[in-house]
Amino acid sequence: MNSQKPENLTTPLDLVELRGPDNELLEYVIDCIFKLTGSPGLYDEMVKSLTDELNTSTTSSDTFIQAIDFIVRQAIDEPNFRYTGARMCEYLSENITFPIENGNFRQHLLKRCHIEHKKRDEFASNITHSDRILGFSMFLGELYMHMKIVGKDGNLALMEVLGIALMDILTTLLNFPTDKNMKCLVNILKFTGAVLEDNVNNQDSMNTIIEKIKNTGAEADVTKETRKMLMNVIELRATNWGRAVSSPVVKSQKSPILDNAQPFIQTEPIFYNTSGQQITREEAGYGDLDLDLDTLNGTNNIEATPEIAHNYDYELNQDVISTNENTPWTTNEYDDQFIMPEYELDPEEQEAFEKYMLESGL
């Protein structure tokens, strides 16, 4: 399969041109996305139906590449779809059984997000597209809180690559300290800060972020209200992100593991109406029973094949660029087109590799 890269990233979803043999199925995907944007309370019903259709009716792997692009595109453009879109990505990554070429659903999602990630400075510095970096930042935060992998010990682990990418995004926002960028940064830290803080590999980065926030609050040309918001998030961090009981920093060098005995309870997601105004969960279409509390608390018992999503390589012009680094999405400026290596490990090699990755903390 020769996967095509997405068309113009700023094209609205309703204007995206469909391609390939599964146009009718892709129209159904778009229809589901639009319905869930307006009525997120339909999520449980629609995501299962969508998954079944994708598993049984897809004839081309490129259909999934396009479906992922549609989800990411809508999550960036529509505030009311970001939380739902992240939940959808987690569900599809665990339940898609169609043999997608050159990687699984999760890996192709990461590649699509990488395309946005490496353009973060370009979008942040361009007033015409500045809202795009804000939309992607919030969606990436939701993905970080929802996308988890399961280790052999049965514990849920956050995807460290998303946490590192999110820290990059926070740095970019601080490098372009407008009122809108600072409000976005504060919102992201309110619902991800505690988890980022507990990630041992992000300790130094978080200290740097907080120091930059202090400097921005004192020096940047922002409103008095924005300065107050920045000071509030500094105070929030000083109180261990509002947690009543201090949670010790994980000492292990492994990827962050959510402690099932003392789960972190995520702050409620932020919902917006079509005018961009903040609204309540009920107004957004979520009843008390609609929230996936197990997912929010990190206690859901997800059965999945153990894998560390960022331990794979991109191949470009015969050169393999490893993403298994502390800053996996920022070490090189490479093309939007990636090809996954086709070499597959046999069961014994796979077991040895996974053991090595866990012991190495990669």
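Source: prediction; values computed, not measured.

Rules and cut-offs
Residues numbered from 1 in each chain as written. Predicted model: local features only at pLDDT ≥ 70, side-chain atom pairs only at ≥ 80, totals over all residues. Heavy atoms only, no water. Helix = DSSP H or I, 4+ residues; strand = E, 2+ residues; numbered from the N terminus. Buried < 20%, exposed > 50% of the residue type's maximum accessible area, 1.4 Å probe, protein only. Contact = heavy atoms within 4.5 Å. Areas by Shrake-Rupley, 256 points an atom, 1.4 Å probe, with all protein chains shown as cover. Salt bridge = Lys/Arg side-chain N within 4 Å of Asp/Glu carboxyl O. Polar contact = N/O pair within 3.5 Å; in protein donor to acceptor, adjacent residues only side chain to side chain. Expected span 1.5 Å × (residues − 1). pLDDT = per-residue confidence, 0-100. Lys, Arg positive; Asp, Glu negative; His and termini not counted. Axes fitted to C-alpha atoms, helices over the stretch in contact; angles between N-to-C directions. Parallel < 35°, antiparallel > 145°, perpendicular 65-115°, else oblique. Left-handed = near helix turned anticlockwise from the far one by under 90°. Nonpolar A, V, L, I, M, F, W, Y, C, P; charged D, E, K, R; others polar. Disulfide = S-S within 2.5 Å.

Scanning the protein chain for helices and strands turns up 13 helices and six strands. Taking all 362 residues of the protein chain together, the buried fraction comes to 51%. For the protein chain, the share of sequence-separated contacts (at least 6 apart) that also reach a separation of at least 24 residues comes to 71%. When the accessible area of the protein chain is evaluated, it comes to approximately 17300 Å², of which 48% is carbon and sulfur surface.

Counted according to the given criterion, the structure contains 12 salt bridges. Here Asp-69 makes a salt bridge to Arg-112, at a shortest N to O gap of 2.7 Å. With Asp-69 in helix α3 (residues 62–77) and Arg-112 in helix α5 (residues 105–117), this pair connects stretches of sequence that are 43 residues apart. Neither Asp-69 nor Arg-112 differs from the other in exposure class; each is buried. Residues joined in a network through salt bridges with shared partners are Asp-69, Arg-73, Asp-77, Arg-112, Glu-116 and Arg-132.

Looking at the element boundaries, Asn-80 is found in the loop between α3 and α4 (82–95). Assessed through its relative accessible area of 11%, Asn-80 is described here as buried. In terms of polar contacts, Asn-80 uses its side chain to reach the backbone carbonyl oxygen of Thr-37, at 3.2 Å.

With that settled, the discussion passes to α4. Over its 14 residues, α4 runs 20 Å from end to end, which matches the ideal 20 Å to within 8%, given 1.5 Å per residue. The buried fraction of α4 is high, at 11 of 14 residues. All of the buried residues along α4 are Arg-82, Tyr-83, Thr-84, Gly-85, Ala-86, Arg-87, Met-88, Cys-89, Glu-90, Leu-92 and Ser-93.

What follows deals with the confidence of the model for the protein chain. Taken residue by residue, the protein chain gives an average pLDDT of 75. The fraction at 70 or more is 63%. Mean pLDDT values for the elements of the protein chain range from 28 in strand β5 (residues 313–316) up to 96 in α4. Low pLDDT, under 50, characterises residues 246–267; the predicted model gives this stretch 46 contacts beyond four residues in sequence or across chains. Within the model, the stretch residues 330–344 combines pLDDT values under 50 with 37 contacts to residues more than four positions away or in other chains.

Among the secondary structure elements, Arg-120 is positioned in helix α6 (residues 120–124). Buried charged residue Arg-120 carries no salt bridge. Nearest counter-charge: Asp-168, at 4.5 Å. Polar side-chain contacts of Arg-120 include one of 2.9 Å to the backbone oxygen of His-117.

Take the packing of helix α7 (residues 130–146) against helix α8 (residues 160–175) next. Closest axis-to-axis distance for the α7/α8 pair is 10 Å, and the angle between their directions is 150 degrees. Taken together, the axes of α7 and α8 lie roughly antiparallel to each other. Judged by the twist between their axes, the crossing of α7 over α8 is left-handed. Along its contact with α7, which presents Ile-133, Leu-134, Phe-136, Ser-137, Leu-140, Gly-141, Leu-143 and Tyr-144, the element α8 presents Leu-162, Gly-163, Ala-165, Leu-166, Ile-169 and Leu-173. Grouping the amino acids of the contact of α7 with α8 by side-chain chemistry returns 11 nonpolar, three polar and no charged.

This brings us to α3. The end-to-end C-alpha distance of α3, which contains 16 residues, comes to 23 Å, matching closely the 22 Å that a straight helix rising 1.5 Å per residue would cover. α3 sits mainly inside the fold: 15 of its 16 residues count as buried.

The tally for this structure, following the rule as stated, stands at zero disulfides. Free cysteine: Cys-113, not disulfide-bonded; nearest cysteine sulfur from Cys-89 at 7.0 Å. Residue classification places Cys-113 among the buried residues on the basis of a relative accessible area of 0%.

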